[in-house]
Amino acid sequence: QVQLVESGGGLVQAGGSLRLSCAASGSTFGTYTMGWFRQAPGKEREFVAAINVRSGNTYHADSVKGRFTVSRDNAKNTVILQMNNLKPEDTAVYYCAASKRPASTDGSTYDYWGRGTQVTVSS
């Protein structure tokens, strides 16, 4: 079993930056992919980014390319989502997820989820 805890959310002005962290604990050996998803009120869950924890290969949604960067520190079992040039439309609850499968934009393929952290971008 894997436990995921997100941190780093908060309120920021448009154009600002936030750094989200996801700390994984428990039996993390079998984790293949770490992903970030977000969900705004009244909207469907949306894929943001993912990283292959062994190779370091990354994947970013078109909506965040050039602004968000996912990275990892395997020694610390931590995944980072650096968010720059934030826009009001980025406002959402951001969730960290872990999968035993290759990277996917489909949230149903992920096995474990964090509780989420709120990101609010003001205009």
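Structure first, text after, so check above.
Residues numbered from 1 in each chain as written. Predicted model: local features only at pLDDT ≥ 70, side-chain atom pairs only at ≥ 80, totals over all residues. Heavy atoms only, no water.

By secondary structure assignment, the location of H60 is in strand β6 (residues 58-60). For the pair H60 and A50, spaced 10 residues apart in the sequence, the C-alpha separation amounts to 6.6 Å. Not counting the four nearest positions on each side in its chain, H60 is found in contact with F47, V48, A49, K65, F68, T69 and V70. Looking at H60, its side chain comes within polar contact range of the main-chain nitrogen of V70, at 3.1 Å. (Helix = DSSP H or I, 4+ residues; strand = E, 2+ residues; numbered from the N terminus. Contact = heavy atoms within 4.5 Å. Polar contact = N/O pair within 3.5 Å; in protein donor to acceptor, adjacent residues only side chain to side chain.)

Bringing the nonpolar core into the picture now. Judged by nonpolar contacts, the single largest core of 34 residues is most densely connected at L4, M34, W36, L81, M83 and Y94. Contributions of two or more residues to this core are made by β1 (2-7), β3 (18-26), β4 (33-39), β5 (46-52), β7 (68-73), β8 (78-83), β9 (92-99) and β11 (117-122). With sequence-adjacent residues up to four places away left out, L81 is seen in contact with L18, R19, L20, W36, V48, A49, F68, T69, V70 and Y94. (Core = buried A, V, L, I, M, F, W, Y, C linked by side-chain atoms within 4.5 Å. Buried < 20%, exposed > 50% of the residue type's maximum accessible area, 1.4 Å probe, protein only.)

Right, let's get into the sheet that holds β8. If you walk across this open sheet you meet the 4 strands as β1-β3-β8-β7, and the pairing is antiparallel. In this open sheet, the two edge strands, each paired with only one partner strand, are β1 and β7. Between one strand and the next, the sheet's axes are offset by a mean angle of 15 degrees, whatever the strand orientation. Of the pairings in the sheet, the one linking β1 to β3 comprises 6 bridges and is antiparallel in character. In the strand pairing of β3, E6 is matched with C22. (Pairing = 2+ DSSP bridges. Axes fitted to C-alpha atoms, helices over the stretch in contact; angles between N-to-C directions.)

Note on pairing: side chains with opposite charge can pair once their charged atoms come close. A full pass over the atoms with the stated rule returns 5 salt bridges. R101 is the partner of D111 in a salt bridge, and the nearest nitrogen-oxygen pair spans 3.1 Å. Of this pair, D111 sits in the loop between β9 and β10 (112-113) while R101 is found in the loop between β9 and β10, placing the two residues 10 residues apart along the sequence. Each member of the salt-bridge network shares a partner with another, and the members are R38, E46, R67 and D90. (Salt bridge = Lys/Arg side-chain N within 4 Å of Asp/Glu carboxyl O.)

Next up on the list: the environment of V93. Within the secondary structure layout, V93 lies in strand β9. Judged by its relative accessible area of 21%, V93 is partly exposed. Separated by 55 residues in the primary sequence, V93 and R38 place their C-alpha atoms 5.4 Å from one another. What V93 contacts, discounting residues up to four positions off in sequence, is F37, R38, Q39, G116, T117 and Q118.

Turning our attention to the packing of aromatic side chains. A complete count under the given rule lists 4 aromatic pairs for this structure. When the centroid spacing of 5.0 Å and the interplanar angle of 50 degrees are considered together, the rings of F37 and W113 count as tilted. Separated by 76 residues along the polypeptide, F37 in strand β4 and W113 in strand β10 bring together distant segments of the chain. What makes F37 buried here is its relative accessible area of 1%. Looking at W113, the relative accessible area reads 29%, which means it is partly exposed. The cationic tip of R45 hangs over the ring face of F37; the distance from NZ or CZ to the ring centre is 5.8 Å. (Phe/Tyr/Trp six-rings, centres within 6.5 Å; stacked < 30°, edge-to-face > 60°. Lys NZ or Arg CZ within 6 Å of the ring centre and 35° of its normal.)

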